Amino acid sequence: MDYSLELREALAAADAAGKYLAAEYAAFTAIPDAPPHISTHADRGAQEVILKHLNAAFPADGLVAEEATPTAALAPDGAARTWVVDPIDGTKGFAIKNGEFSVMIGLTVGDRPVVGVVLEPTKNRVTYAAVGHGCWRKDGDAEPVRCGVTACDTLPRATLTQSHSRAGKTKPVVTKLRPAKVIETYSAGIKLAQVARGEADVYVNSYSEFHDWDVCAGEVLVLEAGGVVCEFDGGTVRYGQRGAKRRGGLIACTPGLQSEVVALLKG
């Protein structure tokens, strides 16, 4: 199945949301002590921009998104295809105004993702993929560049990407994996894109509960860039469960690291 049309529409929806968010971000008053799960009017506004675009282009498709907005209720139940949207992934990065947030748009068919777009508005960068077409990065008006994961196959040489640590505290994942280097950013979308672009070798989402929209779009990027994505037990990530909830953890990495990371996280 060719998903070129769906990818084009997802990119157009992300571009429209990015323009909306650029204006909102410029006018937003920073909240230095913003909590991790803050939601803003910009989240809801960006989601409506995206969902209206996708619903107009594909009215028979389902819509699953983080915010409760009017257009989300228009989609049919039980659709074979579902758009999975996080309008601002890493809203804390938006709220404190450090630029670390992304727009994530994914499409699932059945329980598997087939299209993914991760837009970083403050960097004017989009990383995108569709099944069978590879993963691509586009910065501003530059020509797209194909992405690929690294060849790293041992954790002592690996770069781990993760969310920001509390000052002076080492995260349990770092203690278990002991990578050579750790980089930190808000937004799971950005972290998954970093693995797909070869800027990091492994990303681990160890939250006890998260949602489809936190990882769906980014999974397609990593897979099409030649990487692997799985739950902590090594199993395939399946989308569309009740409440769009995920409790199995998530690993995204180069193929050569998968068995080692899974074994260490099980221990």
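Residues numbered from 1 in each chain as written. Predicted model: local features only at pLDDT ≥ 70, side-chain atom pairs only at ≥ 80, totals over all residues. Heavy atoms only, no water.

A.B. asks: Please give an account of the state of the cysteines that cites residues and values.
C.D. replies: In total, this model carries 0 disulfides according to the counting rule given. Free of any disulfide, cysteine 135 has its nearest cysteine sulfur in cysteine 147, 4.1 Å distant. Under the relative-accessibility criterion, cysteine 135 is labelled buried at 0%. The structure places no disulfide on cysteine 253, whose sulfur is separated from the nearest cysteine sulfur, that of cysteine 230, by 6.3 Å. (Disulfide = S-S within 2.5 Å. Buried < 20%, exposed > 50% of the residue type's maximum accessible area, 1.4 Å probe, protein only.)

A.B. asks: So what's going on with unusual backbone geometry? Which residues, and what values?
C.D. replies: Glycine aside, negative phi is the norm for most residues, and most peptide bonds take the trans geometry. Residues other than glycine seldom take positive phi values, yet arginine 178 does so here, at roughly 50°. Along the chain, arginine 178 turns up in the loop between helix H4 (172-177) and strand E9 (181-184). Residue class for arginine 178 comes out exposed when judged on its relative accessible area of 60%. One non-glycine residue, alanine 244, lies in positive phi territory at about 55°. Locating alanine 244 in the fold gives a position in the loop between strand E12 (228-230) and strand E13 (245-246). (Helix = DSSP H or I, 4+ residues; strand = E, 2+ residues; numbered from the N terminus.)

A.B. asks: Could you give an account of the sheet that holds strand E8 (residues 159-162), naming the residues involved and the relevant values?
C.D. replies: What the 5 strands build is an open sheet, ordered E9-E8-E10-E14-E12; its pairing is mixed. Taken across any chain shown, the strands that pair with only one partner, and hence form the sheet edges, are E9 and E12. Between one strand axis and the next, the sheet turns by 20° as a mean value, whatever way the strands run. Here E12 pairs with strand E14 (residues 250-253) via 3 bridges, running antiparallel. Bridge pairing links valine 228 to cysteine 253 in E14. Each of E12 and E14 is contacted by helix H6 (residues 216-224), which is oriented at about 140° to E12, the strand it contacts most. Against the sheet, helix H7 (residues 258-266) touches strand E10 (202-205), E12 and E14, its axis set at about 155° to E14. (Pairing = 2+ DSSP bridges. Axes fitted to C-alpha atoms, helices over the stretch in contact; angles between N-to-C directions. Contact = heavy atoms within 4.5 Å.)

A.B. asks: Hey, could you go over the pairing of strand E6 (residues 135-139) for me, with residue numbers and the actual values?
C.D. replies: Sheet topology places strand E5 (residues 125-130) next to E6; 5 bridges connect them, and they run antiparallel. Across the sheet, alanine 129 pairs through a bridge with cysteine 135, a residue of E6. Between the antiparallel neighbours E5 and E6 lie 4 residues, among them glycine 132 with a positive phi of about 85°. With 2 bridges connecting them, E6 and strand E7 (residues 145-146) associate as antiparallel partners. From the neighbouring strand, tryptophan 136 faces E7, where its bridge partner is arginine 146. Remark: 5 residues form the turn of the hairpin made by E6 and E7, two consecutive strands paired antiparallel; glycine 140 in that turn has positive phi of roughly 55°.

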